[in-house]
Amino acid sequence: MKYLALLMLSLSVLITGCSSTQKLEQTEEGYMQQHTDALSRLTHWQVSGKIRIKTADDSDSANIVWQQDGQLYNIVLSGPLGQTGATIQGGPYRVKLSLPEQPPYIGSTPEDLLQTHFGWDLPLSHLFYWIRTLPAPGSDYQAQSNEKQQLARMIQDGWEINYDRYHAQYQPALPGRMKIKKDQLQLIFVINQWQISDQQVAWFKAQ
């Protein structure tokens with residue numbers, strides 16, 4: 001419990017640091033189309049970092065390692081809601097949630113499993129796109145960019161996604177922190193490290 005308290009305190013300091021005062025402008029349609037075409041090619045990667053989820057009644061945090069291999073993903077959470085760990089594995093049609101000392105739970109979407117077992121109403125299928133600063137397909141969105149021509153804010157399906165930190169070792173730059181909010185639910189995703197395949201590293205260098 002002492003370790004968890006220190007972890008949550010450290011994460012709170014990290015995510016409540018300096019607020020952004022940068023000027024935002026409406027993203028032009030031509031730029032957004034080019035941006036989407038480029039980042040859609042990023043399909044194999046791994047990120048590690050921390051998440052914090054706040055609702056009207058509760059708050060919780062966890063370490064996260066997310067590995068994406070095309071349409072297949074493996075997400076490992078350590079520390080959510082007092083658990084020692086949880087793993088979400090899946091693809092387009094089948095998702096498995098594994099919890100310590102429990103039989104695996106199977107579902108058709110990650111959203112159903114997160115809602116049932118954690119009470120989190122999170123659009124994980126959309127997050128697959130949002131983490132790459134892409135709009136999820138199939139619905140309208142609004143986007144704004146910062147002075148560096150990086151996506152800074154997007155609104156889609158009632159969710160507001162803010163990007164206030166980037167990793168610049170790749171071009172296009174990849175997010176370092178996201179804040180996702182809808183009504184009284186907020187997810188803060190601090191991405192400490194991106195790892196992408198050698199093939200895709202070469203593609204990034206060629207941009």
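Calculation notes
- Residues numbered from 1 in each chain as written.
- Predicted model: local features only at pLDDT ≥ 70, side-chain atom pairs only at ≥ 80, totals over all residues.
- Heavy atoms only, no water.
- Core = buried A, V, L, I, M, F, W, Y, C linked by side-chain atoms within 4.5 Å.
- Buried < 20%, exposed > 50% of the residue type's maximum accessible area, 1.4 Å probe, protein only.
- Helix = DSSP H or I, 4+ residues; strand = E, 2+ residues; numbered from the N terminus.
- Contact = heavy atoms within 4.5 Å.
- Pairing = 2+ DSSP bridges.
- pLDDT = per-residue confidence, 0-100.
- Phe/Tyr/Trp six-rings, centres within 6.5 Å; stacked < 30°, edge-to-face > 60°.
- Lys NZ or Arg CZ within 6 Å of the ring centre and 35° of its normal.

Focus: the nonpolar core
Then, in step 1: Formed by 50 residues in total, the largest nonpolar core has its most connected members in W45, W66, W130, I131, M178, F189 and W194.
Then, in step 2: The greatest single-element share of this core, amounting to six residues, is contributed by strand β12 (residues 185-196).
Then, in step 3: Contacts of W194, omitting those with residues within four sequence positions, involve L42, W45, Q46, V47, I131, H167, Y170, L174 and P175.

Here's the deal with the pairing of strand β4 (residues 72-78)
Then, in step 1: On β4, burial follows the alternation: Y73, I75 and L77 on one face are buried, whereas L72, N74, V76 and S78 on the facing-out side are not.
Then, in step 2: Pairing of strand β3 (residues 59-69) with β4 involves seven bridges; the strand directions are antiparallel. Each bridged residue has a counterpart across the sheet, and for W66 the counterpart in β4 is I75.
Then, in step 3: Counting the residues between successive antiparallel strands, the hairpin from β3 to β4 contains two residues, one of them, G70, with a positive phi of roughly 70°.
Then, in step 4: Pairing between β4 and strand β5 (residues 86-90): five bridges, direction antiparallel. The residue bridging V76 from the neighbouring strand is T87, located in β5.

Looking at the confidence of the model for the protein
Then, in step 1: Within the protein, residue pLDDT values average 83, and 83% of them lie at 70 or more.
Then, in step 2: The model gives residues 1-20 a pLDDT under 50, and that stretch makes 20 contacts with residues more than four places away or in other chains.

Details of the packing of aromatic side chains
Then, in step 1: Inspection of every chain in the model, using the stated rule, returns five aromatic pairs.
Then, in step 2: Measuring from centroid to centroid gives 6.4 Å for W130 and W159, while their planes differ by 55°, and the two rings are tilted. With W130 in helix α4 (residues 124-130) and W159 in strand β10 (residues 159-167), this residue pair connects regions lying 29 residues apart in the sequence.
Then, in step 3: The buried category is assigned to W130, whose relative accessible area is 0%.
Then, in step 4: The class of W159 is buried, set by a relative accessible area of 6%.
Then, in step 5: Consider the rings of Y163 and Y166, whose centres lie 6.4 Å apart with planes at 35°: the pair is tilted.
Then, in step 6: Here a set of aromatic residues connected by ring pairs shows up, and it is made of W45, W66 and W194.
Then, in step 7: Stacked on the ring of F128, the Lys or Arg R132 has its end atom at 4.2 Å from the ring centre.

Observations concerning unusual backbone geometry
Then, in step 1: Look at the link from Q171 to P172: it is a cis peptide, with omega at 5°.
Then, in step 2: Note that P172 resides in the loop between β10 and β11 (174-182).
Then, in step 3: With a phi angle near 60°, T133 is a residue other than glycine that sits in the positive phi range.
Then, in step 4: Along the chain, T133 falls in the loop between α4 and β8 (141-145).
Then, in step 5: Look at T133 and you get buried, because its relative accessible area is 1%.

Brief notes about the environment of Q193
Then, in step 1: Looking at the secondary structure, you find Q193 in strand β12.
Then, in step 2: It is 9.6 Å that separates the C-alpha atoms of Q193 and P175, two residues lying 18 residues apart in sequence.
Then, in step 3: Contacts of Q193, omitting those with residues within four sequence positions, involve Q46, V47, S48 and H167.

Quick notes on the pairing of β11
Then, in step 1: Pairing geometry for β10 and β11, over seven bridges, is antiparallel. Residue pairing across strands places Y166 opposite P175, the latter belonging to β11.
Then, in step 2: The turn joining β10 and β11, which pair antiparallel and follow one another in sequence, is formed by six residues.
Then, in step 3: For β11 and β12, the ladder comprises six bridges, and the chain directions are antiparallel.

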